[in-house]
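# Architecture and fold: a report
Listed here are the chains, written in short residue letters.
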Amino acid sequence: MEPKIGLMMDLPEGKIPGFYAQIVKALAGKVELFDRDKEMLIVSNEEQQLAALDVMAHFNIETNLMKLRLLPDDAELTDLFSDYGFTSRAEHNYLYDKLVVQFRFAADSPQAEIDQAALQIEEHLLAQYQAQDHTVYVVDRQLEELMQGIAKAYRCRIEILP
C-alpha cells in the first residue's frame, strides 16, 4: 500500500459556496493534489503537505493531518472496509494508517497450511491484494497478535509489512 497524507479541512460554517472554490483555485497553483474527497485533500509527500498547509493558513482554515494508505486498484475489499477507510471521488480506496496492519505469509510456510490459516483470517479481513507473488492481508491493527496466533496454529509464519 502506498503512503499518502490526508489533510482534513475544518471549513467555517456559513461561508458562501464560492469560498471553497477560492481555496481549490489557490491550491491549483501551488499544490499537486493526488486526490480529494469532500473536505479532505490528499497529497503524496511532505513537500506537498507543507504547500497545502500554507494555503490553508492563508485562508485561516484549520487542518488536521492523517496518514493514509492507498490500496492498489485491484484490491479486494470486505464489508468491514468502510469502518477503516473510504473510497474517494476518484474511486481510489484508502485506509487510515493508524488503524490497520498489513502482512503476508512467510515464503517458507507450507501452502496447504497457508490455505487453512487464510480461511481463519478471512472473517477479520478489511482488504487483500497481490504484491510480488504474495497475497497481502490487511486487518485491524489490534488483531496483529491474533493473526500471529492463527498462523502459528497452522505451522505458518506471517511477516508484518511496513
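Look up a bit, the structure's there.
Rules behind the numbers
- Residues numbered from 1 in each chain as written.
- Predicted model: local features only at pLDDT ≥ 70, side-chain atom pairs only at ≥ 80, totals over all residues.
- Heavy atoms only, no water.
- Helix = DSSP H or I, 4+ residues; strand = E, 2+ residues; numbered from the N terminus.
- Rg over C-alpha atoms; globule rule 2.2 N^0.38 Å.
- Contact = heavy atoms within 4.5 Å.
- Areas by Shrake-Rupley, 256 points an atom, 1.4 Å probe, with all protein chains shown as cover.
- Salt bridge = Lys/Arg side-chain N within 4 Å of Asp/Glu carboxyl O.
- Polar contact = N/O pair within 3.5 Å; in protein donor to acceptor, adjacent residues only side chain to side chain.
- Pairing = 2+ DSSP bridges.
- Axes fitted to C-alpha atoms, helices over the stretch in contact; angles between N-to-C directions.
- Buried < 20%, exposed > 50% of the residue type's maximum accessible area, 1.4 Å probe, protein only.
- Phe/Tyr/Trp six-rings, centres within 6.5 Å; stacked < 30°, edge-to-face > 60°.
- Lys NZ or Arg CZ within 6 Å of the ring centre and 35° of its normal.

## Side note on the overall build of the chain
When helices and strands are counted, the chain shows four helices and eleven strands. Against the 2.2 N^0.38 benchmark of 15 Å for 162 residues, the chain shows a C-alpha radius of gyration of 19 Å, more extended than a compact globule. Along the longest, intermediate and shortest principal axes, the C-alpha atoms of the chain span 60 × 25 × 25 Å. Contacts in the chain between residues far apart in sequence, at least 24 positions, make up 68% of those at least 6 positions apart. Accessible surface computed for the chain: about 9700 Å², of which carbon and sulfur atoms make up 47%.

## Quick word on the pattern of salt bridges
Overall, the coordinates contain five salt bridges when judged by the stated rule. We note a salt bridge from E2 to K4, for which the minimum N-O separation is 2.7 Å.

## Looking at the environment of Q102
If you trace the backbone, Q102 turns up in strand 8 (residues 100-105). Between the C-alpha atom of Q102 and that of E62, which follows or precedes it by 40 residues, the distance is 31 Å. The contacts of Q102, once residues within four sequence positions are left out, are M1, R69, Y129, V136, Y137, V138, E159, I160, L161 and P162. Here Y129 takes part through its side chain, which lies 2.6 Å from a polar atom of the side chain of Q102.

## Some thoughts on the environment of Q111
Note on placement: Q111 falls in helix 3 (residues 111-121). Spatially, the C-alpha atoms of Q111 and C156 are 9.1 Å apart, while their sequence positions differ by 45 residues. A distance of 2.8 Å separates polar atoms of two side chains, one belonging to Q111 and the other to D115.

## Here we look at the side chain of S88
The topology assignment puts S88 in the loop between strand 6 (85-87) and strand 7 (93-96). Polar contacts involving the side chain of S88 include one to the side chain of D35, which spans 2.5 Å. Those residues in contact with S88, other than ones at most four positions away along the chain, are D35, R36, D37 and Y94.

## With respect to the sheet that holds strand 2 (residues 35-37)
Within the open sheet, the six strands sit side by side as 2-3-1-4-7-6. Their pairing is antiparallel. Pairing within the sheet leaves two strands with one partner each, and these edge strands are strand 2 and strand 6. Neighbour to neighbour, the strand axes of the sheet diverge by 30 degrees on average, direction disregarded. For strand 1 (residues 2-10) and strand 4 (residues 62-70), the ladder comprises nine bridges, and the chain directions are antiparallel. Residue pairing for strand 4: L7 is matched across the bridge by L65. Where helix 2 (residues 46-58) meets the sheet, it contacts strand 1, strand 3 (40-43) and strand 4, and its direction lies at approximately 5 degrees from that of strand 1.

## Quick look at the side chain of E113
Position of E113 among the secondary structure elements: in helix 3. Classification of E113 as buried rests on a relative accessible area of 19%. Other than its neighbours up to four places away in sequence, E113 contacts Y154, R155 and C156.

## Details of the pairing of strand 1
Pairing of strand 1 with strand 3 involves four bridges; the strand directions are antiparallel. Paired with I5 across the two strands is V43, which belongs to strand 3.

## Quick word on the packing of aromatic side chains
Two aromatic rings are characterised by how far apart their centres lie and by the angle between their planes. Overall, the coordinates contain five aromatic pairs when judged by the stated rule. Relative to Y94, the ring of F86 lies with its centre 5.2 Å away and its plane at 25 degrees, an arrangement referred to as stacked. Just as F86 is buried, Y94 falls in that class too. One residue, K4, lies across the ring of F34, its end atom 3.8 Å from the ring centre.

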